[in-house]
Amino acid sequence: MRRPVTVALAATLLASTLTTMSAAADLSPADFVDPLIGSAGDGNTYPGATAPFGMLAWSPTSTRGDQTSTGAANGYQYDTTRLRGFALTHVNGAGCNPGAAGDVPILPFAGDVTSSPTADTTDAVYASNFSHADEAATPGRYRLGLQNGVTTDVAATERTAIGTLSYPQGKPASLLFRTSNSLNGSEDAETHIDAANRRVTGSVLTGAFCGRRANGGVNNRKSYYRLYFTAQFDQPVIGTGTWKDATLQPGGTDQTGGEGYATGKDRAGRGSGGYVTFAPGSKVTMRIAISYVSLEGAERNLQAEQPKKSTVDSIVAKTKKAWNTELDRVNVGGGTAGQRITFTTALYHSLQQPNLVSDVDGQYLGMDQRPHRVERGQDAQYSNFSGWDQYRAQVQLLALVEPRVAGNFAQSLYNYAKQNDGVWDRWVHVNGATHVMTGDPSAATIATFYAMGVRNFDYRGAFDSLYKQATVPRPEGLQDGGCPGQCVGQRPNLAQYVISHYAPNDVCHCWGGAAETLEDSVADSAIGHFAELLGRTREAAEMRARGAYWSNVYNPDTGYMQARNVDGSWVTPFDPASDRGFAQGSAAAYTWMVPQDVSGLADAMGGKATAVTRLDGFFHDASGNWQLKGGGPLKYDPTNEPDIHAPWLYNELGRPWKTQETVRQLVYSVYGTGPSGLPGNDDLGTMSAWYVFAALGIYPRTPGSGELLLSSPLFPRAVIRPAGGAPIRITTSGSGKYVQDVRRDGRPQRDWKVDASFLRGGSLDFRLSETPTTWGS
């Protein structure tokens, strides 16, 4: 078998042979994407085939010998080279293990099916090893040669895939549909085989995002969507069979049965599916489509997105063109090949979401479990909103480069809220309200979209709804279901919060009172900005005042954010390295999470000079050496969201050159090429979006605002071409990582930020220096 060169290896070879990109002018942006970046360690990306914002993603489901787990959050881990199928849906970079989706794993198997695959609880028989030497991943295409002799070559459109499965000569050619075996399990599944018409159809009833997590995950062991699929073949089906639990039915054509949402032995051996066989040595073209609405919807999606004469190559060309359109929205020039690969892949990962959930006819499954059609003026319904993560960087990048998609997404979230009794859930998976994480990220997100110029959604209705959520208590805000990690109250114990001006840790019904206060302060500040832009002066004053509630959990005696009880006392014993009162982070990390009032935070610390000294200690050890990863809970953590904005705080503290050197150090040392090129969970493009902004030398100042903070760009040239908007050009001259001066549209730019008008087009010309300067201070 001819072995394709892996993308990771190709990237290494390219980087080693090119020192600048002038020799690679004939390459398109998609040629610089390595989908394997982030697939090792805790990046939790997946390498499979998908289109921009696609519903379908064809990618491996790996196994480490446990049928009920993958050993990977999203089905694929680079160091696990055994798989039990290729699933049809994935979520990029989610942290729960397993994360979400991974629906309907399909395994090409070179052998006879002689026992129930579900009875193979250790994946000893119905699985295959593979080598990365036989793997190639590019935007929209994924090829893999299995050790069992089958080679696969699959391309994806938004809602469909087409693939060639080449079976070895002299061996039975089987194709297993493990319909019930979603990453988190399933409540029910059904498989139907129509041999005469060379077709397999079915569905799986599932959900359960983060359903195995210890901190409240049992609350999410429930179903909220049914995924339908239709698969068609160009070769005759010569045999069929089904299975349920341990029972195999050779010749069977219909079967049902789910697995439940337990783990290990409590779920192993349960489930259902079916298989078809082809003539030995067959080369089978499979065309497959999915829908969250109906089988008929899947059939319509297939007909619309795959003309009958489609081939893998023709679909690849179409999807690569779509990716090039998106990736060209931020085009960089100069730099090394490795830098171009890292940057373009980060942009690729940033624009994998939000994900389409509506069919080609505009129908989608609502949060009320009913079919709906997109609103007037809405192009499509989108979902997969990792709010706690995305509101800090990914949504800003989306609004910058794809404002119409951002508006469709905003309308989508508002649609879900209307179907969910007015509640905007903080982590929406497909149509499911999962309640994962803390705070009110929808408010920060929608306010940010509006501030950045997004208008193609019902922004007045959305504002009214978000304001009501922030001001009118609801009964679930007093419940502890799902706590701490998935508390059902979107604004936990809101009545007490309004009275206390912070979330009391002992009665907050939330993950942590200090974290909840900081998150809600950011959200309320964003709503205040939103209200101001809408001319709602009363609401603006009210919410902007609540944006300062963060100060009520800053303890001047310890110098850190600290949780408080309802009686006003501080939660003790206190340790800045502890996460007591916080969510996925220490007091030391959360202390900097006041992007809406950096000067106020500095004043609380004793002034800007003191704040700068403390921030220096956050990024360095006692000897002054960089401490940017793995430094423990008292240091900066680039792998998680609460402190990822911290390097940019130096701007407002009067030391812009420290932002410049810190951001550049992170760009050089934490991100890179290869499977380990991401510092941590990509969190639906959040970590990747951080890198895109950092490399451009700009970063969103605070949620609810269109202002951008400035640093030193990595590339000599960059052009941002927003869809439907005027270009933004960024250039640099000179060398070094420090800013000597900046000109905006030809005029001196002396401030360390630009206002939202810059988003409508313009230029920034940086002159760089090898040594720190006083620019912007």
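Computed from a predicted structure; not experimentally measured. (Residues numbered from 1 in each chain as written. Predicted model: local features only at pLDDT ≥ 70, side-chain atom pairs only at ≥ 80, totals over all residues. Heavy atoms only, no water.)

What to know about unusual backbone geometry
Leaving glycine aside, a negative phi is the common case for residues, and trans is the common case for peptide bonds.
Item 1. Note that the residue after Gln-353, namely Pro-354, is joined by a cis bond; omega there is 10°.
Item 2. Inspection of the secondary structure puts Pro-354 in the loop between helix H4 (337-350) and strand E19 (355-356).
Item 3. Phi is positive for Ala-208, close to 60°, though the residue is something other than glycine.
Item 4. Within the secondary structure layout, Ala-208 lies in the loop between strand E11 (199-207) and strand E12 (223-233).
Item 5. The phi dihedral of Asn-384 is positive, around 70°, even though this residue is not glycine.
Item 6. Within the secondary structure, Asn-384 is located in the loop between strand E22 (382-383) and strand E23 (385-386). (Helix = DSSP H or I, 4+ residues; strand = E, 2+ residues; numbered from the N terminus.)

A word on the sheet that holds strand E31 (residues 728-733)
Item 1. Here we have six strands laid out as an open sheet, ordered E18-E30-E31-E35-E32-E33, and mixed in their pairing. Edge positions in the sheet fall to strand E18 (330-333) and strand E33 (747-748), since each of these pairs with one other strand and no more.
Item 2. Judged from the six bridges that link them, E31 and strand E35 (residues 762-769) form a sheet pairing that is parallel. Counted as the bridge partner of Thr-731 is Asp-765 from E35. (Pairing = 2+ DSSP bridges.)

Considerations on the environment of Thr-702
Item 1. Note on placement: Thr-702 falls in the loop between strand E28 (698-700) and strand E29 (708-710).
Item 2. Put simply, Thr-702 and Val-667 are 35 residues apart on the chain and 21 Å apart in space, counted from C-alpha to C-alpha.
Item 3. Not counting chain neighbours up to four residues away, the residues in contact with Thr-702 comprise Pro-595 and Gln-596. (Contact = heavy atoms within 4.5 Å.)

Brief notes about the state of the cysteines
Item 1. Tallied over the full model, the rule gives three disulfides.
Item 2. In this model Cys-483 forms its disulfide with Cys-487; the gap between the sulfur atoms is 2.1 Å. Measuring handedness by torsion sign, the sulfur bridge of Cys-483 and Cys-487 sits at about 135° and is right-handed.
Item 3. With a relative accessible area of 21%, Cys-483 lands in the partly exposed category.
Item 4. Here Cys-508 connects covalently by a disulfide to Cys-510, the sulfurs 2.0 Å from one another. Across the disulfide from Cys-508 to Cys-510, rotation about the S-S bond amounts to roughly -95°, and the bridge is consequently left-handed. (Disulfide = S-S within 2.5 Å. Buried < 20%, exposed > 50% of the residue type's maximum accessible area, 1.4 Å probe, protein only.)

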